[in-house]
Amino acid sequence: MNTATATALRFKRAAAAKATDLQHRAVIQKAIATYDAAVARGKTRFADWQNARSHAAAIKWETINHLDRYLEQFERNVLANGGHVFWAETAEDARQHILALARRHGVQKVVKSKSMTTEEIHLNEALETAGIKTIETDLGEYICQIRGEPPYHIVTPVMHLTKADIAQTFHEKLGTPLTDNAEELTMIARARLRHEFMTADMGITGANFAIADTGMIALTENEGNARLSFSLPRIHVAVVGIEKLIPRLEDLALLWPLLSTSGTGQALTAYSSLIGGPRQPGETDGPQEFHVVLLDNGRTRLLADAEQRDALHCIRCGACLNACPIYKNVGGYTYATTYQGPIGSVITPHLRDAHQWSHLSYASSLCGACTDACPVRIDLHHHLLHNRRNSVQRRFDQPIQRLMFRAWLWAMQSPGRYTVGGKLARLAIRLGWAKSLAQPWTEGRELPEPPEQSFHEWWKQTR
Amino acid sequence: MNPARENILARVQAALRAQAHRPAAPTTAPIFPPVTNPETRFREEFIALKGELIDGAEKLREFLKPFGRIATDDTQLVREVIGDGNAGPRDCDLGVTGCDCLIAQTGSVVVSTTSTGGRALSVLPPTHLVIARRDQIVPDLASAMALLRKRYDSRWPSALSVITGPSRTADIEKILVFGAHGPKRLVVYLGS
Amino acid sequence: MRVALFIPCFVDQLFPKVAIAMVTVLRRLNVDVDYPTEQTCCGQPAFNTGYWDEACTLAKRHGEIFADADAIVSPSGSCTAMVRNFYPELLARTASLRSAGGGTGVPACVNKTYEFAEFLVRKLGVTDVGAKFPARVTYHDACHALRELRLKDEPRQLLRNVQGLELVEMDQAETCCGFGGTFSVKFPMISYAMDEVKVTSIKKTGAEYVVSGDSSCLMQIDGYLRRQNLPIKTISLAEVLAST
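Residues numbered from 1 in each chain as written. Chains lettered and ligands numbered in written order. Predicted model: local features only at pLDDT ≥ 70, side-chain atom pairs only at ≥ 80, totals over all residues.

Colleague: I would appreciate a short explanation of the overall build of chain A in the present structure.
Modeller: When helices and strands are tallied, chain A shows 25 helices and 10 strands. Its C-alpha atoms give chain A a radius of gyration of 25 Å, near enough to 23 Å, the size a compact globule of 463 residues would have. A total of 463 residues make up chain A; the buried ones form 57% of that total. Contacts in chain A between residues at least 24 apart in sequence constitute 73% of all its contacts with a sequence separation of at least 6. (Helix = DSSP H or I, 4+ residues; strand = E, 2+ residues; numbered from the N terminus. Rg over C-alpha atoms; globule rule 2.2 N^0.38 Å. Buried ≥ 20, exposed ≤ 12 C-beta atoms within 10 Å, placed from the backbone. Contact = placed C-beta atoms within 7 Å.)

Colleague: What should I look at first to understand the overall build of chain B in this one?
Modeller: Along chain B, the regular secondary structure elements total 5 helices and 11 strands. Against the 2.2 N^0.38 benchmark of 16 Å for 192 residues, chain B shows a C-alpha radius of gyration of 21 Å, more extended than a compact globule. Oriented by its inertia axes, the alpha-carbon framework of chain B measures out at about 65 × 45 × 45 Å. A burial count over chain B gives 49% of its 192 residues as buried. Here the contacts in chain B between residues at least 6 apart in sequence split such that 68% fall between residues at least 24 apart.

Colleague: Can you walk me through the interface of chain A and chain B in this structure?
Modeller: Reports often express the size of an interface as the amount of accessible area lost when the parts come together. Opposite the 75 residues of chain A that make contact, chain B presents 60 residues. Of the residues assigned to the side of chain A that touches chain B, the class counts are 34 nonpolar, 24 polar and 17 charged. Here strand E9 (residues 271–275) of chain A runs beside strand E8 (residues 159–163) of chain B; their pairing, made up of 5 bridges, is antiparallel. For A:Ser272, the partnering residue across the bridge sits in E8(B) and is B:Val162. (Nonpolar A, V, L, I, M, F, W, Y, C, P; charged D, E, K, R; others polar. Pairing = 2+ DSSP bridges.)

Colleague: Sorry if this is basic, but what is going on with the sheet that holds strand E4 (residues 113–115) of chain C here?
Modeller: Strand pairs in the sheet, formed through backbone hydrogen bonds, run parallel or antiparallel to each other. Residue and element names in this part refer to chain C. Strand order in the open sheet formed by 4 strands is E2-E1-E3-E4, with parallel pairing between adjacent strands. A strand with exactly one partner marks an edge of an open sheet, and here the two such strands are strand E2 (32–34) and E4. Averaged over all adjacent pairs, the angle separating strand axes in this sheet is 35 degrees, with direction ignored. Summarising the sheet, strand E1 (residues 2–5) and strand E3 (residues 72–74) pair through 2 bridges and their orientation is parallel. Bridge pairing links Leu5 to Val73 in E3. Relative to E4, helix H6 (residues 116–123) is tilted by about 100 degrees, and along the sheet it contacts E3 and E4. (Axes fitted to C-alpha atoms, helices over the stretch in contact; angles between N-to-C directions.)

Colleague: Quick question: what am I supposed to make of the sheet that holds strand E7 (residues 235–241) of chain A here?
Modeller: Residue and element names in this part refer to chain A. If you walk across this open sheet you meet the 6 strands as E1-E10-E7-E4-E2-E3, and the pairing is parallel. Only two strands of the sheet have a single neighbouring strand rather than two, namely strand E1 (84–88) and strand E3 (133–136). The average angle at which neighbouring strand axes cross in this sheet is 20 degrees, direction not considered. Where strand E2 (residues 109–112) meets E3, 4 bridges bridge the pair, whose relative direction is parallel. From the neighbouring strand, Val111 faces E3, where its bridge partner is Ile135.

Colleague: So what exactly am I meant to see when it comes to the packing of helix H8 (residues 139–147) of chain A against helix H9 (residues 163–174) of chain A here?
Modeller: Describing two packed helices takes the angle between their axes plus the distance from one axis to the other. All names here are of chain A. Put simply, H8 and H9 touch, their axes get as near as 10 Å, and they point 55 degrees apart. With respect to each other, H8 and H9 are oriented oblique. Handedness of the crossing formed by H8 with H9: left-handed. In this structure, H8 contributes Ile143, Ile146 and Arg147 to the contact, and H9 contributes Ile166, Thr169 and Lys173. (Parallel < 35°, antiparallel > 145°, perpendicular 65-115°, else oblique. Left-handed = near helix turned anticlockwise from the far one by under 90°.)

Colleague: Is there a simple way to think about the packing of helix H4 (residues 67–80) of chain A against helix H1 (residues 4–15) of chain B in this case?
Modeller: Put simply, H4(A) and H1(B) touch, their axes get as near as 9 Å, and they point 150 degrees apart. On the basis of their axis angle, the class for H4(A) and H1(B) is roughly antiparallel. Residue-level inspection shows A:Leu67, A:Asp68 and A:Leu71 of H4(A) in contact with H1(B), the latter providing B:Leu9, B:Val12 and B:Gln13. Of the residues in the contact of H4(A) with H1(B), the class split is 4 nonpolar, 1 polar and 1 charged.

Colleague: For this particular structure, what's the right way to read the environment of A:Glu128?
Modeller: Residues and elements named next belong to chain A. With respect to the helices and strands, Glu128 occurs in helix H7 (residues 123–129). Overall, the presence of 12 C-beta atoms within 10 Å leaves Glu128 in the exposed class. The spatial distance from the C-alpha of Glu128 to the C-alpha of Gly286 is 25 Å, given a sequence separation of 158 residues.

Colleague: Hey, could you run me through the domain arrangement of chain A in this one?
Modeller: Assigned domains within chain A: domain 1 (6–37 + 300–393), domain 2 (45–297) and domain 3 (400–462). Here domain 2 of chain A and domain 3 of chain A have C-alpha centroids that lie 54 Å from each other. (Domains from an automatic or database assignment.)

Colleague: Got a minute to help me understand unusual backbone geometry in this structure?
Modeller: Leaving glycine aside, a negative phi is the common case for residues, and trans is the common case for peptide bonds. Residue and element names in this part refer to chain A. Of note in the backbone geometry, Asn297 takes a positive phi value of approximately 50 degrees without being a glycine. Along the chain, Asn297 turns up in the loop between strand E10 (289–295) and helix H13 (299–304). Accessibility expressed as a C-beta count within 10 Å gives 20 for Asn297, which makes it buried. One non-glycine residue with positive phi stands out, namely Arg395, at about 60 degrees. Assignment of secondary structure puts Arg395 in the loop between helix H20 (380–393) and helix H21 (399–412). A tally of 11 C-beta atoms within 10 Å means that Arg395 is categorised as exposed.

Colleague: It is not clear to me how the arrangement of the chains should be interpreted in this structure. Could you clarify?
Modeller: The assembly contains 2 pairs of chains in contact; the pair sharing the most contacts is chains A and B. With no contact between them, chain B and chain C keep their nearest C-alpha atoms 12 Å apart.

Colleague: Any chance you could explain the interface of chain C and chain A here in plain terms?
Modeller: The partner chain A presents 50 residues to the 48 residues of chain C that form the contact. Broken down by secondary-structure element, the contributors of at least two residues to the side of chain C that touches chain A are helix H1 (9–14), helix H2 (16–28), helix H3 (44–49), helix H4 (52–65), helix H7 (143–148), helix H9 (183–186), helix H10 (188–205) and helix H11 (215–227) of chain C. For the side of chain C that touches chain A, the class distribution of residues is 26 nonpolar, 12 polar and 10 charged.

Colleague: Honestly, helix H22 (residues 415–430) of chain A in this entry has me stumped. Any pointers?
Modeller: Owing to its 3.6 residues per turn, the α-helix brings residues three or four apart onto one side. Residues and elements named next belong to chain A. The terminal C-alpha atoms of H22, which comprises 16 residues, lie 23 Å apart, in line with the 22 Å expected from a rise of 1.5 Å per residue. All buried positions along H22 are accounted for by Tyr418, Gly422, Ala425, Arg426 and Ile429. Projection of H22 onto a plane perpendicular to its axis shows the buried side chains occupying an angular sector of 90 degrees, all on one side. Turned more than 90 degrees away from the buried face of H22 sit Gly416, Val420, Leu427 and Arg430, all of them exposed. (Expected span 1.5 Å × (residues − 1). Arc of directions from axis to C-beta.)

Colleague: Would you take a moment to explain the nonpolar core for this structure?
Modeller: Side chains of a nonpolar character, in soluble globular proteins, are inclined to be buried together. Of all hydrophobic cores here, the largest spans 277 residues; its most connected members are A:Ile217, A:Val240, A:Leu255, A:Val293, A:Cys320 and C:Ile190. A:Val240 has contacts with A:Thr117, A:Gly206, A:Ala207, A:Ala210, A:Ile217, A:Val292, A:Val293, A:Leu294 and A:Leu295, leaving out every residue within four places of it along the chain. (Core = buried A, V, L, I, M, F, W, Y, C linked by C-beta atoms within 7 Å.)

Colleague: Sorry if this is basic, but what is going on with the environment of B:Leu60 here?
Modeller: Within the secondary structure, B:Leu60 sits in helix H3 (residues 57–64). In contact with B:Leu60, not counting residues within four places along its chain, are B:Ile54 and B:Tyr189.

Colleague: Any chance you could explain the confidence of the model for chain B here in plain terms?
Modeller: Parts of the prediction with low pLDDT should not have their coordinates interpreted in detail. Within chain B, residue pLDDT values average 96, and 99% of them lie at 70 or more. In the predicted assembly, ipTM is 0.97 and pTM is 0.96. (pLDDT = per-residue confidence, 0-100.)

Colleague: What should I look at first to understand the environment of B:Leu16 in this one?
Modeller: Locating B:Leu16 in the fold gives a position in the loop between H1 and helix H2 (38–48). In this structure B:Leu16 comes out as buried when scored by C-beta crowding, with 20 C-beta atoms within 10 Å. Residues in contact with B:Leu16, not counting those within four places in the same chain, are A:Asn65 and A:Leu67.

Colleague: Looking at this structure, I do not really get the pairing of strand E8 (residues 233–236) of chain C. What am I missing?
Modeller: Note on strand geometry: in a regular strand, side chains alternate between the two faces of the sheet. Residue and element names in this part refer to chain C. The sheet contact formed by strand E7 (residues 209–212) and E8 spans 4 bridges and is parallel. For Ser212, the partnering residue across the bridge sits in E8 and is Ser236. Between the parallel pair E7 and E8, the chain is carried across by H11, and the sense of this crossover is right-handed. (Right-handed = clockwise from strand over helix to strand, strands pointing away.)

Printed below as a string of structure tokens:
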């Protein structure tokens with residue numbers, strides 16, 4: 001493994017710090033336990049949850065494996081409804097286009113709804129640097145923004161904060177009286193953000209799905225901030241990863257409840273919306289312009305890897321994060337990249353530099369809970385294995401490890417050498433050398449008592 | 001014309017030349033249990049979401065009394081039942097709209113820029129009242145999609161929302177709070 | 001009935017009592033056992049770390065050693081999963097990487113290799129092996145056994161028929177113990193946190209023993225218990241079933 005990269009070392013340090021933070025562990029595990037109970041209830045609304053997963057996997061397989069056709073159909077329909085489509089090869093292309101659009105329209109204030117894709121391209125920083133005030137309106141994202149921190153989890157941005165933390169943040173940054181009543185805190189945010197919605201020039205959202213046959217984007221939320229973001233400002237921009245495509249409107253009859261169930265345990269979130277274009281003649285309000293930015297940014301690289309292509313089926317529900325025992329102990333910030341948890345570990349070496357990000361695929365015990373949790377049946381933990389194999393093939397591994405495995409192979413190919421090796425291992429334990437050789441493991445644990453005989457020896461003797 | 005479009009499509013096509021493993025096919029069994037009594041189911045689901053139901057003109061009059069500033073969309077059923085509004089969406093304390101349909105499976109109200117005139121009236125006001133008819137109840141999401149497809153396939157509204165309960169958030173320690181940004185109260189008047 | 005024993009390298013060297021217990025139970029059920037002595041390692045450590053060429057060499061060797069067996073039984077869910085679930089992909093993929101062909105295809109042993117509890121319940125149809133073990137125990141679901149081989153009820157059916165045994169479920173039975181092979185050495189603090197969470201869950205059951213089908217998990221849990229001087233003991237499913 002490439003512990004040598006700076007990114008990997010930072011991860012190890014951050015993971016070690018968080019793994020011993022018992023308060024953090026308690027907060028996260030309580031939040032996830034609540035989630036687990038809600039999801040268990042939510043799944044009972046399906047006649048057959050496993051079959052629903054298979055249906056969803058089939059819909060996404062069809063789309064991703066014919067992606068060019070669906071992208072072209074989607075674009076045709078968006079244009080026919082009076083919207084605009086911009087194709088962005090890189091994060092920089094997307095940022096520059098949105099900035100140019102904002103400048104052309106004299107945009108001074110932007111309201112944003114929660115979008116991991118806009119996190120991925122670091123859009124907020126670009127807008128702020130250009131002097132455009134950018135306000136996150138999802139409560140969790142708003143709290144992160146005030147604190148100057150990125151979101152902690154792709155679905156629940158402030159899972160790691162207590163009421164008291166949030167109360168303190170509002171008190172310090174907004175000057176509001178110290179209250180840790182969740183309702184009061186929410187109403188503070190509501191009042192502040194209402195003004196921003198009313199005065200913003202542009203609303204920026206992501207999209208949970210992009211529907212090819214009607215040229216619409218679908219947005220899933222509970223608060224109503226996305227609806228306000230695409231209803232009040234005069235321009236609406238949606239940043240959409242190319243993998244968000246689905247073939248037909250009717251597919252949402254499955255995918256909406258699937259996303260809600262795996263995301264929060266709800267049958268449907270409070271608002272499942274569809275946007276097809278700007279305000280039409282006869283409509284009383286709505287933006288004058290609707291812009292879709294279709295983003296590649298490394299997705300075609302992942303698409304080209306036929307073995308791991310199904311990672312593009314991801315509907316960003318967060319179930320794999322919540323299932324992962326590593327995530328539950330180290331939390332979201334430790335990953336130090338936009339997409340966290342198992343899906344993040346799988347896709348990041350494809351979307352970003354493979355050498356810098358392969359360590360995430362090793363930071364797993366391969367337990368497989370993620371694969372079982374995924375509502376669209378992505379083979380997550382096996383892809384971690386694939387990433388490990390790719391990493392070795394590309395020689396990102398340390399030469400000493402390569403040498404070790406060659407030596408180990410040489411030993412395992414001969415019963416004689418294997419037997420000697422086994423005896424040495426047992427001797428090393430008995431003499432106490434193993435304790436320092438296996439130091440990372442023995443740091444917190446006792447080694448087993450070495451047996452007098454191996455099974456081999458017992459069999460020869462006793463049969 | 002930005003070359004990005006051609007570049008991306010070309011990369012997609014090149015990528016798809018390699019075949020990906022196809023997952024096992026699903027069975028044809030229904031994904032959701034059938035909804036046997038749509039109106040009962042709608043009422044149960046809607047109430048469980050903390051929606052409020054109003055039956056009968058008398059109850060509606062009672063409900064409307066405390067609201068001084070009412071904004072309405074200009075749709076027919078709303079005009080018949082409520083009459084004219086006296087405020088706009090931004091300064092009202094009650095927004096009244098029609099709807100496209102009601103979904104029993106999830107207790108949802110479907111609104112669009114056609115059935116409510118615009119986008120903001122069903123999300124800005126602190127309380128949202130929907131004037132609906134019993135015959136607007138459909139069993140499930142699939143039938144709602146079919147209804148919308150039939151009604152709008154030649155000209156889609158620019159925006160639709162499937163509303164499932166009042167606005168809510170659980171971002172703060174998973175504690176449920178209503179009225180995060182959208183209406184704190186969602187009310188449906190079910191006429192005949 | 002004759003089976004070949006597939007004893008993982010670390011069970012052979014560090015936990016032979018588990019393999020001996022398995023042999024005891026099989027013989028009690030009139031199953032003849034054979035032990036191909038040239039076996040060493042199935043290749044999983046190399047495979048899991050990404051060294052598929054090295055793993056492939058060992059996989060081919062393993063396939064040849066067990067080529068003629070009618071049934072192969074192993075006291076390890078992870079090693080069984082390696083052979084059944086991963087050998088096909090490993091051998092197909094690595095063979096195609098070498099343009100010089102010569103892949104052996106899928107070895108016969110792949111579909112004849114069983115985990116011990118799986119063999120008893122699904123192949124022999126036996127859930128009562130005449131064992132006696134009066135104690136309060138809780139069961140830890142090893143990840144490979146649970147998710148790769150889909151073993152959940154089988155070990156519990158066997159335990160419920162053990163005389164005097166009281167089985168209590170822990171709330172985190174399916175949560176990984178944190179071993180994961182080299183993971184525990186590469187990311188020791190995360191592995192330790194997972195171990196801690198697991199033991200906390202075990203303690204809440206009031207069990208005297210924690211039982212599992214995988215010795216690597218038991219080693220992980222036991223190492224922690226003994227460092228913490230906790231009175232809970234670990235024991236393999238095979239040893240419980242061998243107990244009379």
